[in-house]
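Listed here are the chains, written in short residue letters.
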Amino acid sequence: MNLKDGIEREMNRLISILLRDQTRDGSWNYAFETGIATDSYMIILLRSFKINDERLIQALIRRIINNQEENGGWKLFHDAGEGDLSSTIQAYYALLYSGYLDKNDPRIIAAKNFIIEQGGIERAETFTKTLLAITGQYSWDSLVPLPIEIMLFPQSSPLNFYDFSVFGRANIAPILILSHFRYHRKTSHTPDLSDLYVNHMTGQPGKRNEEWRNLLSFMKDQLQKLTTKPAEIKKKAVSSAKQYILKRIEPDGTLLSYFSSTFLMIFALNALGYKLDDPLIRNAIDGLRSMAIRIDDAIHMQYTTANVWNTALISHVLQDAGLPSKNAAIQRANHYLLSRQHTRFGDWVLRNPNTMPGGWGFSNINTINPDVDDSTASLRSICELVEIEPAYQQGWTRGIRWVLSMQNDDGGWPAFERGVNKKWLAVAPIQGAEHLLLDPSTSDLTGRTLEFLGNYTSLNKDSPIMKKGVNWLKNNQREEGSWYGRWGICYIYGTWAALTGMAAAGKTLHDQSVQKAVEWLHSIQNSDGGWGESCKSDIERKYIPLGESTLTQTAWALDALIAVTDESTAEIEKGIVFLIRNGGKDDWTTRYPKGQGMAGGFYIHYHSYRYIWPLLTLSNYQKKFTG
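Residues numbered from 1 in each chain as written. Predicted model: local features only at pLDDT ≥ 70, side-chain atom pairs only at ≥ 80, totals over all residues. Heavy atoms only, no water.

A word on the overall build of the protein chain. Within the protein chain, the regular secondary structure consists of 25 helices and seven strands. Radius of gyration (C-alpha) of the protein chain: 24 Å, near the 25 Å computed for a compact globule of 627 residues. Based on the C-alpha atoms only, the size of the protein chain along its principal axes is roughly 70 × 55 × 45 Å. Considering the protein chain as a whole, with its 627 residues, one finds that 61% of them fall into the buried category. For the protein chain, the proportion of contacts with a sequence separation of at least 24, taken over those separated by at least 6, is 74%. Of the roughly 24,500 Å² of accessible surface on the protein chain, 49% is carried by carbon and sulfur atoms. In the protein chain, the 67 positive side-chain charges and the 67 negative ones have mean positions that sit 6 Å from each other. (Helix = DSSP H or I, 4+ residues; strand = E, 2+ residues; numbered from the N terminus. Rg over C-alpha atoms; globule rule 2.2 N^0.38 Å. Buried < 20%, exposed > 50% of the residue type's maximum accessible area, 1.4 Å probe, protein only. Contact = heavy atoms within 4.5 Å. Areas by Shrake-Rupley, 256 points an atom, 1.4 Å probe, with all protein chains shown as cover. Lys, Arg positive; Asp, Glu negative; His and termini not counted. Charge placed at Lys NZ, Arg CZ, Asp CG, Glu CD.)

In structure tokens, the structure reads:
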């Protein structure tokens, strides 16, 4: 193969696909696809409130059924073993509640058998049990003992509401209201799930983390000592939780653009006395409906939309591949991005009070919940226009200041907020507590921020900001040379981000950390020239090979090697050949999740990634080694 010609052809093919798929407003709305949880929850929501949107319900049923395994279960990813208990309970519940399947249906019977074999409802994760409690299938008393009074705990206390991550708070606030009122909503058509309890118990209190229980009880007692009227404390706490929610509703009616928090909010508002015809509930349901996207012949309820993320990445990679900033598609994309820059203060200001808004969020509608990764991605995209148009200069300045202000004291960067990292919360008796409750510095955020600062700004590589970031990466490198990536799968992702960041900060192959990482990437390359990593890595916290190569993970590994290598190598060229030969591939590896939200519970297939990262990698190879 003539490598140079092959690269040119594949880049042109990818560019043409991306240009074709741009929407009229300048964005890219490629699907943010997760498992079947949101599809199941949407059916349960609609049936709970007697909203007979049959076309949507039937389309969601098709997707759920199409993803059922032969053993009756549903998986989170291709190589996830027999299946996922909680996903199967959710699907079983939704299919029955839809009214289109009954307990005699072979698919329902198979799902029930799977659930029983896996231990029944008793072994489901926390959020599934919360769903069941909301709809009258599980006891609130057996869930996490988090009192609503935590809304009033001062910041000086050992634990307060704002010690949780913003994602955690958005989900916990409505749960506190629902738990306080012991809310449950059943209809005449609510299925009976009692036969899914292996021990025939409907959610009795179980064994809990005693230290966690004692801490919460202690703080609750201390708070109640401040008044002789505990009922007033509870009333005030309920009001505080309610106000927290109401102040964070986005223009589309959703709570911070997340499906789960919006779902919970709708029921919490109902618990507070809001009726179905109230604009808050009506708009929230419509906001969830707006997240629906067609995938093949079915509809999927996205957990959120990824328009800003997709658009920032694609606009940047197209420019990196040679499209000028004056190109009409780039201009439309950057105009869209500039319109999505935040001007409102969000929760991030609590620990970063001396900075004005200037970041970007992830979704199409997000206005108050910016994150570092979307902000640097958007800034990369508008970089070329800063010297030309004053509006972009202003946006650039505000964005840079916000990103720099978000650096943690430890030198790394978090996703959403500074200083939200009480590590002991990771052992809270909640599934995925580490990812739900914490927002620490991570290798992917730190590496990608360093890459942006080093390659797209005039910040000196010897500046304290850069040095602190590099030191954080070096201190958090694993012994074998990799880094763990929080928002992607997983060690390949983290190592790519870290190495490209180190390179942008001036580190080369002479650096020991860089050498170790390169050797590790070489050691896990597949015989076909590509790379592939299993989502199991995220659960077991060690690198687990997928057994097959994927386009996205191959692109990440290659881009990392290209960034720190002065001359092309045999390993790099084998990987480039893999990308060229497999660019049009369409099998389970192209649909395999490359992102994650919560280890063991929430994985993401970005439909845009198969185009973005190979194009970026081929472009970087072309410029460095064939230009």
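Now that the structure is up, let's keep going.
Enumeration according to the criterion identifies 26 salt bridges in this entry. Between Asp39 and Arg63 there is a salt bridge, with the nearest N and O atoms lying 2.5 Å from each other. Remark: Arg63 occurs in helix 3 (residues 54-66) and Asp39 occurs in helix 2 (residues 37-48); sequence separation between them is 24 residues. On the basis of relative accessibility, which here comes to 0%, the residue Asp39 falls in the buried class. One network of salt bridges, with partners in common, ties together Arg169, Arg248, Asp347 and Glu417. (Salt bridge = Lys/Arg side-chain N within 4 Å of Asp/Glu carboxyl O.)

Here the focus is the environment of Cys490. Mapping Cys490 onto the fold places it in the loop between helix 18 (464-475) and helix 19 (491-504). A residue is classified by how much of its surface remains accessible, and Cys490, at 0% relative accessible area, is buried. When the C-alpha positions of Cys490 and Gln553 are compared, they lie 9.3 Å apart, and in sequence the two are 63 residues distant. Once residues within four sequence positions are removed from consideration, Cys490 is found in contact with Trp483, Tyr484, Gly485, Glu533, Ser537 and Asp538.

Residue position: Asp252 is located in the loop between helix 9 (230-246) and helix 10 (259-271). One buried charged side chain, Asp252, makes no salt bridge at all; its nearest oppositely charged neighbour is Arg344, positioned 9.6 Å away. A polar side-chain atom of Asp252 sits 2.7 Å from a polar atom in the side chain of Thr254. Setting aside chain neighbours within four positions, we find Asp252 in contact with Asn283, Gly287, Ser290 and Ile365. (Polar contact = N/O pair within 3.5 Å; in protein donor to acceptor, adjacent residues only side chain to side chain.)

Here we come to the packing of aromatic side chains. What the rule picks out here adds up to 38 aromatic pairs. On the basis of an interplanar angle of 55° and a centroid distance of 5.0 Å, the ring pair of Phe263 and Phe267 is categorised as tilted. Residue Phe263 and its partner Phe267 are both found in helix 10; the two are separated by four residues, about one turn of the helix. Phe267 shares its class with Phe263; the two are buried. Three or more aromatic residues link up through ring pairs in this structure, and these residues are Phe32, Trp309, Phe362, Tyr493, Trp496, Trp556, Tyr606, Tyr609 and Trp613. Across from the ring centre of Trp487, 3.8 Å away, lies the NZ or CZ of Arg486, which sits over that ring. The cationic tip of Arg541 hangs over the ring face of Tyr484; the distance from NZ or CZ to the ring centre is 4.0 Å. (Phe/Tyr/Trp six-rings, centres within 6.5 Å; stacked < 30°, edge-to-face > 60°. Lys NZ or Arg CZ within 6 Å of the ring centre and 35° of its normal.)

Here the focus is empty space enclosed by the protein. On inspection of all chains with the given rule, the structure shows two cavities of 30 Å³ or more. The space that makes up the largest cavity amounts to roughly 550 Å³. What lines the largest cavity is a set of 33 residues, among which Tyr258, Phe362, Phe416, Trp487 and Tyr606 lie closest to the centre. Looking at the lining of the largest cavity, the elements that each hand over two or more residues are helix 14 (372-382), strand 6 (595-598) and strand 7 (602-606). By volume, the second largest cavity is sized at about 50 Å³. Lining the second largest cavity we find Leu551, Thr552, Thr589, Thr590, Lys594, His605, Tyr606, Tyr609 and Arg610. Taken together, the residues of the lining of the second largest cavity break down into three nonpolar, four polar and two charged. (1 Å grid on protein atoms, 1.4 Å probe; cavity = no way out; pocket = protein on both sides within 12 Å on 5 of 7 lines; lining within 4 Å. Points joined across faces, edges and corners; volume = space filled by probe spheres on them. Nonpolar A, V, L, I, M, F, W, Y, C, P; charged D, E, K, R; others polar.)

A word on the sheet that holds strand 7. Spatially, three strands are ordered 1-7-6 in an open sheet, and the strand pairing comes out antiparallel. If you trace the sheet from one side to the other, it starts and ends with strand 1 (32-33) and strand 6, each paired once. In terms of strand pairing, strand 1 meets strand 7 through two bridges, oriented antiparallel. The partner of Phe32 across the bridge, within strand 7, is Tyr606. (Pairing = 2+ DSSP bridges.)

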